[in-house]
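Single-letter residue listing:
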Amino acid sequence: MRRRNAFGFFLVAFLTGDFAFQMAEVAVAWQVFLIRHATIDLALVGLAAFLPTFVLALVAGYVADRYDRKTIALLATIGGVLSSLAFAVLTILHTNSIAPYLLVVLGLASSVPSAARRRERCWSRSCRRSAI
């Protein structure tokens, strides 16, 4: 019973965090479009959101295997919160440049701890015994 509750809490936290990440990404894209009124800038925001995940996929997997996954997830969540706060500050200050918004999206995209959320998949007997 206790294990079910832990999974339920994890599932709610995962879905809530993923939904918040998507909302922040849309908010940044919307803000950039309202400032510049150019679709190319929306493409740059999309690229800035995708590129870190693509480029750092192997590095993120290595870090997730090497270090504590809970710590990685916590640091990534803190990074996402800080990026969201930076976006709020940039919006309040009425910044007209697109570069700070791209940096905020880069921070949001890098804060997704997808590699840390996955458990290792191992099919050999020796690996099953040592799996956490």
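From a predicted model like this one, the values you see are computed outputs, not experimental measurements.

Caption draft 1: Inspection of the pattern of salt bridges at higher detail. Counted according to the given criterion, the structure contains two salt bridges. Between Asp-41 and Arg-36 there is a salt bridge whose closest N-O contact spans 3.2 Å. For Asp-41, a relative accessible area of 5% corresponds to the buried category. According to the relative accessible area criterion, Arg-36 is partly exposed, its value standing at 42%. Between Arg-69 and Asp-65 there is a salt bridge whose closest N-O contact spans 3.0 Å.

Caption draft 2: Structural detail: the packing of aromatic side chains. Taken as a whole and judged by the stated rule, the model has two aromatic pairs. Ring geometry for Phe-10 and Phe-14: centres 6.1 Å apart, planes at 20°, overall stacked. Of this pair, Phe-10 and Phe-14 both sit in helix α1 (residues 2-36), four residues apart, which is roughly one turn of the helix. Judged by its relative accessible area of 42%, Phe-10 is partly exposed. Where Phe-50 meets Phe-54, the ring centres are 5.6 Å apart and the plane angle is 25°; that geometry is what we call stacked. In this pair, Phe-50 and Phe-54 both sit in helix α2 (residues 39-55), four residues apart, roughly one turn of the helix. Judged by relative accessible area, Phe-54 falls into the exposed class, the value being 56%.

Caption draft 3: A look at α2. Its 17 residues give α2 an end-to-end C-alpha distance of 24 Å, which sits within 8% of 24 Å, the value for a rise of 1.5 Å per residue. Of all the positions in α2, only Asp-41, Val-45, Ala-48, Ala-49 and Pro-52 are classed as buried.

Quick notes on the rules
- Residues numbered from 1 in each chain as written.
- Predicted model: local features only at pLDDT ≥ 70, side-chain atom pairs only at ≥ 80, totals over all residues.
- Heavy atoms only, no water.
- Salt bridge = Lys/Arg side-chain N within 4 Å of Asp/Glu carboxyl O.
- Buried < 20%, exposed > 50% of the residue type's maximum accessible area, 1.4 Å probe, protein only.
- Phe/Tyr/Trp six-rings, centres within 6.5 Å; stacked < 30°, edge-to-face > 60°.
- Helix = DSSP H or I, 4+ residues; strand = E, 2+ residues; numbered from the N terminus.
- Expected span 1.5 Å × (residues − 1).

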